[in-house]
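# Residue-level structural notes
Below, each chain spelled out in residue letters.
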There are 6 protein chains.
Amino acid sequence: MSENITRADGRAVNQLREITIERGWSEQAEGSALISFGKTKVLCTASFTSGVPRWMTGKGKGWVTAEYAMIPRSTNSRMDREAVKGKIGGRTHEISRLIGRSLRAVVNTKALGENTIVIDCDVLQADGGTRTAAITGAYVALAEAIQWGKDNNLIPKSAEPLIDSVAAVSVGIIDGTPMLDLAYVEDVRAETDMNVVVTGRGLFVEVQGTAEGAPFDRNELTALLDLAVAGAEDLTNFQRQALA
Amino acid sequence: MSENITRADGRAVNQLREITIERGWSEQAEGSALISFGKTKVLCTASFTSGVPRWMTGKGKGWVTAEYAMIPRSTNSRMDREAVKGKIGGRTHEISRLIGRSLRAVVNTKALGENTIVIDCDVLQADGGTRTAAITGAYVALAEAIQWGKDNNLIPKSAEPLIDSVAAVSVGIIDGTPMLDLAYVEDVRAETDMNVVVTGRGLFVEVQGTAEGAPFDRNELTALLDLAVAGAEDLTNFQRQALA
Amino acid sequence: MSENITRADGRAVNQLREITIERGWSEQAEGSALISFGKTKVLCTASFTSGVPRWMTGKGKGWVTAEYAMIPRSTNSRMDREAVKGKIGGRTHEISRLIGRSLRAVVNTKALGENTIVIDCDVLQADGGTRTAAITGAYVALAEAIQWGKDNNLIPKSAEPLIDSVAAVSVGIIDGTPMLDLAYVEDVRAETDMNVVVTGRGLFVEVQGTAEGAPFDRNELTALLDLAVAGAEDLTNFQRQALA
Amino acid sequence: MSENITRADGRAVNQLREITIERGWSEQAEGSALISFGKTKVLCTASFTSGVPRWMTGKGKGWVTAEYAMIPRSTNSRMDREAVKGKIGGRTHEISRLIGRSLRAVVNTKALGENTIVIDCDVLQADGGTRTAAITGAYVALAEAIQWGKDNNLIPKSAEPLIDSVAAVSVGIIDGTPMLDLAYVEDVRAETDMNVVVTGRGLFVEVQGTAEGAPFDRNELTALLDLAVAGAEDLTNFQRQALA
Amino acid sequence: MSENITRADGRAVNQLREITIERGWSEQAEGSALISFGKTKVLCTASFTSGVPRWMTGKGKGWVTAEYAMIPRSTNSRMDREAVKGKIGGRTHEISRLIGRSLRAVVNTKALGENTIVIDCDVLQADGGTRTAAITGAYVALAEAIQWGKDNNLIPKSAEPLIDSVAAVSVGIIDGTPMLDLAYVEDVRAETDMNVVVTGRGLFVEVQGTAEGAPFDRNELTALLDLAVAGAEDLTNFQRQALA
Amino acid sequence: MSENITRADGRAVNQLREITIERGWSEQAEGSALISFGKTKVLCTASFTSGVPRWMTGKGKGWVTAEYAMIPRSTNSRMDREAVKGKIGGRTHEISRLIGRSLRAVVNTKALGENTIVIDCDVLQADGGTRTAAITGAYVALAEAIQWGKDNNLIPKSAEPLIDSVAAVSVGIIDGTPMLDLAYVEDVRAETDMNVVVTGRGLFVEVQGTAEGAPFDRNELTALLDLAVAGAEDLTNFQRQALA
């Protein structure tokens, strides 16, 4: 891996795009964040409601779940609206489930109590890495909603529903070089594409590596994980600033 | 009608909420506008493609259509996502069709040529008047996309696909008083609710009045129309500034 | 507006088509009417059931709703069946909602008690004006069902759930001339098309005017409303005779 | 089997209900019939179009198919509309397929040429035997549409697309007695229920017998078939009169 | 009918294909059977649960129902998966309902008690006669599940929920000759195709005869029923052996 | 990691369950395999057709895709059928996509030519690891279908569409111990669950690790990958034997 290689947008191979997190964007939701990874923009809202779905009632535990969607012209050419097609595609399902699992990995549902938080991640503009931006922004919205729950006495002030923070970043191998936080033009050329979800303490929640072109070997896997862990650390700092 | 009555947010009965139009919000779409009517925020994108749907081919005419949707937590309490429910509700259908008709009323489809423009209006935050904000913003996105078509030689420079501009505003009767541009708290209390779509020249494209509570008489109808025509004139000015 | 203009079917511009209302057509429903506006024929049935949907329980109020549909060969060329397509189109949704709102505008739901009346309007033959015929016939079926409710002691004899009657008629501008109750051949040529729902007392419930071709001005709007109010008065008389 | 048993409506066990066939009911369809078997009323329309579905093109053969549906309040208590539920139930599918097969059994598709006839059978009022009334009425609509095809030179005058007529009737065993043409109150009590589709020449197209209660033996089967064949003969005569 | 005619696979006209029934194939289900009629293979599982659907609660009766499906490449050319198409086809519905009715005809639901048994018949390989194989195998799975219910004290040891056994076989007329248990190559050539469901005591549960080509006469019907009754007797013996 | 720990079924932590692969199970499909990982049984069929989907035509490349499904009673308690629910769940989508990507990673689509191979993986019995069994069996069915294509001159004899083999295995951490090939009872207890898809040459195609309970650290990830690579090597040998 050569860190001297210059990328289309001038970044170093181990450099994130410009990250901005606008916390509290929504005046309606209990928590929200408009997050940008370069041109990728995702609006994350957290909806807090007392009570849990029927199948969870009476266990003294809360529930956190997520839904992901793209507005039709978030992408370079317009996609059909899933509501119009009448069904949700496989990719959407996959990402919604990934976001939900990633958040639940840092939530103590007992401490949350019988409350439900639904995170909606709507991609307003897409330029690669929408799922990692969504997870990173979703955490901020979640944290804000949990604070709202405490402020409104729906969660005890002393409870600690968040046991860690969580962020996500993509890494990939392009022309043999491992790179961090792929933009769309990079993503389509990547031989291997990996999304890594890491907690604030540096533990793994999800490692999803896929050989889009040629399969990868153990050394490449190691290099990608190194990049991801470092990138996630940076994202954790952006989250802390946003929540400060 | 007493224009001295003060409304919840301090406006006069014939006063619009704060209107902002951020043209070119999207870096992906050929035309776009993020429009606000107070807290109501709608992202309008226009997608320009050469060619028309198969049923229109060979007529030498273009096609303009629209889709409207709300993100789940645009509203005060979260709504289920229509894509998840697997079908589009009646209200969504109704508004999508209204926006499409409103735009087509000011388009000369012959001058547009065999090109298609799809306008997507995604409500990011809802506080009443989402359909009127959507129409007003959609026009700006449409105009921008038509300019893009000319700049890219898909529409002849000399063609005039836009024969007028179009804007929309809601009016209603609350406690017997006709008022302009209802916010959500006003909308739910209105006895009568009317959405009026007016061209830049002051002609009517749509008049949709509904007695939510008590039916209304001819005088009330007249007063509502007067308010709407004046409000639409103001909106037309905002559109002109955004497109300047 | 010249009332001397003769229309395709020989009517004067302010003349309804032949109206017939066959009350009690169905031997199954609590209320029913087969209504004709010329060749347009709509079968309206009212289904009375004790109780209300769960979200309304315990409020001491009743519920009136409506569904509209067309049989596939009601029209000149066969349409696909919505059940086969697996979803209801926007136009169907729109009209179902319009019928429901129109009826609720003349119902005192407190006086109805916790009872539900569902009106089904199935278009058996379509020649323009199906939604206005549906509303006009639906009122007759509704009134019959309410009487059934009283006869069967589900509504107190002294209760007055109907606070007014309601009828609807279409008006439009064809070649510059405002006309009443458009047949299909007129409807497709109309520059402006308006459906007006009026109570027996002459108050407006819905005013839905749409510029199909050129936008319309205030004078045209006035002329259309005058025609509609007079036409609705005639329809109210037909309803009275049917219910006598 | 005792033919002296009197039924709820006074009929003999081998007697049809009152049969009426109003041919040409629809002013829109190429063929139509409003058929009644007692209170059961089915509107059958035939839609004739040139050409066949893509998978049949170029074989020189025509296509006949059918769709069956019930309006929501055709029955004693209102059913949900299949279009609203978003899917067609098993019973509806089954009957649509049965009607289509029954009609195709008497059609020479070569003689029909590359034309398509779609029969819609919409049940307006249901009191048992809706599928048999539908088949019997559908044949009349089909014959009328084929005549229309000849009159409009879409089928050669010399062609004979109909090789026979077809009618259908239900039979069943109630309290041990085989009976013809069951009304709803009989149908629900029947131990065995059989629908038999017979051509004008007395040949079987479909025999669908079902033990709703106790299984039936060979003698009962023989008695039911005898009743059905005689009843179908009567229906064939009603069809002839309607088409005369 | 000549019994000397030799069929494609060398069978006599009144001879079944090779029948095998592997009881208890599934280690998960309360009852199961993998049944083969020649190359046709159907996996039948019976799922036993305490309780009944809400609409049956409190009547002291059990419920037996069935679902039929084919895996996509059970057939000679791959079919689209119904789950992917998002709806169940008419044929699938029809067969599922047929299996359910056939089983219920031999079940005393009072003796079953408030328990539900769902039979799933998944066709793994199809070579004609899948519905008859499914019914025949489903009975074995059902009997096994009922025994499981007794062994697990969910049904009283003394109860007799099964009042008879049930099996099914297809018969058809090919080139004028009635034949038993049609393989796919025979099925597609059959002029008439009949599925007959018969109890162990020789009574009819279902008789479903369809003229695929020419309508059939009474003598042909008689010959087909004779073949079916004899074939069903053989199947009953195979069931007994499997359950021994 | 202690390899002395004994598991519920007596296996060592690095030991696969009993693996069987019955190649050519289906007499209908061009390729097939019934694979077992212990009690988990998946029927994999490969359907070979000339030509590719329209969006791929003319590129001289083939297409390989996969669909995964479970029969309703493959699991310990019956699941609703996705075709009945009318939509495919997120998990099903995810696994279908995973199988397709895994297979495409070892296919040279140019060498395959414009042919399509669809792999269906239907789980007949589920006891954990269904997706890994499906991938492993799918490869065998794919290889058989490619051989069929060569034997039938749809692929040139000299072409080498398979550039490697592919197999998959699950690994997980239970009570702190990394283990290979989790059975269902282990899977539900695993803190971390990882599915690893590896080629015959030992390269990674997919690495999908998920913290179901506590997030995992880098050392645990290393241990899991070691186990998976060794297990996949064993599976590769089983595949070779099946294809010999």
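You'll find the structure just up there.
The following paragraphs examine the structure supplied in this document. What you see is a predicted model; the values in this text were computed from it and never measured.

### Observations concerning the pattern of salt bridges
Inspection of every chain in the model, using the stated rule, returns 108 salt bridges over all chains. Linking Arg81(E) and Asp120(F) is a salt bridge whose minimum nitrogen-to-oxygen distance equals 2.6 Å. In this pair, Arg81(E) sits in the loop between strand 4 (63-70) and helix 1 (82-85) while Asp120(F) sits in strand 5 (residues 115-125), so the two residues belong to two different chains. Relative accessible area serves as the criterion here: at 10%, Arg81(E) is assigned to the buried category. Residue classification places Asp120(F) among the buried positions, given a relative accessible area of 0%. Between Asp9(F) and Arg11(F) there is a salt bridge, with its nearest N and O atoms 3.0 Å apart. Owing to a relative accessible area of 5%, Arg11(F) belongs among the buried residues under this scheme. Put simply, Arg7(A), Asp9(A), Arg11(A), Arg17(A), Asp127(A), Asp181(A) and Glu186(A) are held in one network by salt bridges that share partners.

### Observations regarding the interface of chain D and chain E
On the side of chain E, 27 residues touch chain D, which itself brings 27 residues to the contact. Buried surface at the junction of chain D and chain E, both sides included, amounts to about 2,500 Å², of which 54% is carbon and sulfur. The largest contributions to the chain D side of the interface with chain E come from Glu94(D), Phe204(D) and Arg218(D), which together make up 24% of the buried area. Taken together, the links from chain D to chain E amount to four salt bridges. Residue Arg97(D) pairs with Glu94(E) through a salt bridge whose shortest N-O separation is 2.6 Å. Where chain D meets chain E, there are 15 residue pairs in polar contact (both at pLDDT 80 or more). Contributions of two or more residues to the side of chain D that touches chain E are made by helix 2 (90-104), strand 9 (204-211) and helix 6 (218-243) of chain D. Of all the elements, strand 9 of chain D adds the most residues to the side of chain D that touches chain E, at eight residues. In terms of residue class, the side of chain D that touches chain E is built from 11 nonpolar, eight polar and eight charged.

### Things to note about the sheet that holds strand 2 (residues 31-37) of chain F
All names here are of chain F. Pairing is mixed across the open sheet formed by five strands, whose spatial order is 1-2-3-5-4. The sheet is open, and its two borders are formed by strand 1 (19-23) and strand 4 (63-70), each paired with just one other strand. Within this sheet the neighbouring strands show an average axis-to-axis angle of 15°, counted without direction. Here helix 4 (residues 130-151) sits on the sheet and contacts strand 1, strand 2, strand 3 (40-50), strand 4 and strand 5; the angle it forms with strand 3, its principal contact strand, is near 35°. The strands touched by helix 6 (residues 218-243) within the sheet are strand 1 and strand 2, with strand 1 carrying the most contacts at an inclination of about 30°.

Rules used throughout
Residue numbering note: each chain is counted from 1, following its sequence as written. Think of it this way: whatever chain is written first is A, whatever ligand is written first is 1, and the rest follow in order. Residues qualify for local features only when their pLDDT is at least 70, as the model is predicted, and side-chain atom pairs are given and counted only at 80 or more; totals for whole chains, interfaces and linings, by contrast, use all residues. Calculated side-chain values reflect all of the structure's heavy atoms, with hydrogen atoms and water omitted. Basic side-chain nitrogens of Lys or Arg form a salt bridge, by our definition, when they fall within 4 Å of a carboxyl oxygen of Asp or Glu. The secondary structure listing takes helices from DSSP runs of H or I that are at least 4 residues long and strands from runs of E that are at least 2 residues long, numbered from the N terminus. Each residue is placed in one exposure class: buried if its accessible area under a 1.4 Å probe, protein chains only, is under 20% of its type's maximum, exposed if it is over 50%, and partly exposed if it falls in between. In this analysis, two residues are considered to be in contact whenever any of their non-hydrogen atoms come within 4.5 Å of each other. Once two parts are joined, some of their accessible surface, as seen by a 1.4 Å probe, is lost; buried area is that loss totalled over both. In protein, a polar contact means a hydrogen-donor-capable atom and an acceptor-capable atom, both N or O and within 3.5 Å, with residues adjacent in sequence counting only if both atoms are side-chain atoms; elsewhere, any N or O pair within 3.5 Å suffices. Ten residue types, Ala, Val, Leu, Ile, Met, Phe, Trp, Tyr, Cys and Pro, are classed as nonpolar, four, Asp, Glu, Lys and Arg, as charged, and the remainder, Gly among them, as polar. Two strands are said to pair when DSSP picks up at least two bridges between them. As a rule, the C-alpha atoms of each element are fitted with a line to give its axis, helices using only the stretch in contact, and angles between N-to-C directions run from 0 to 180 degrees.

Keep in mind these values describe shape, not function.
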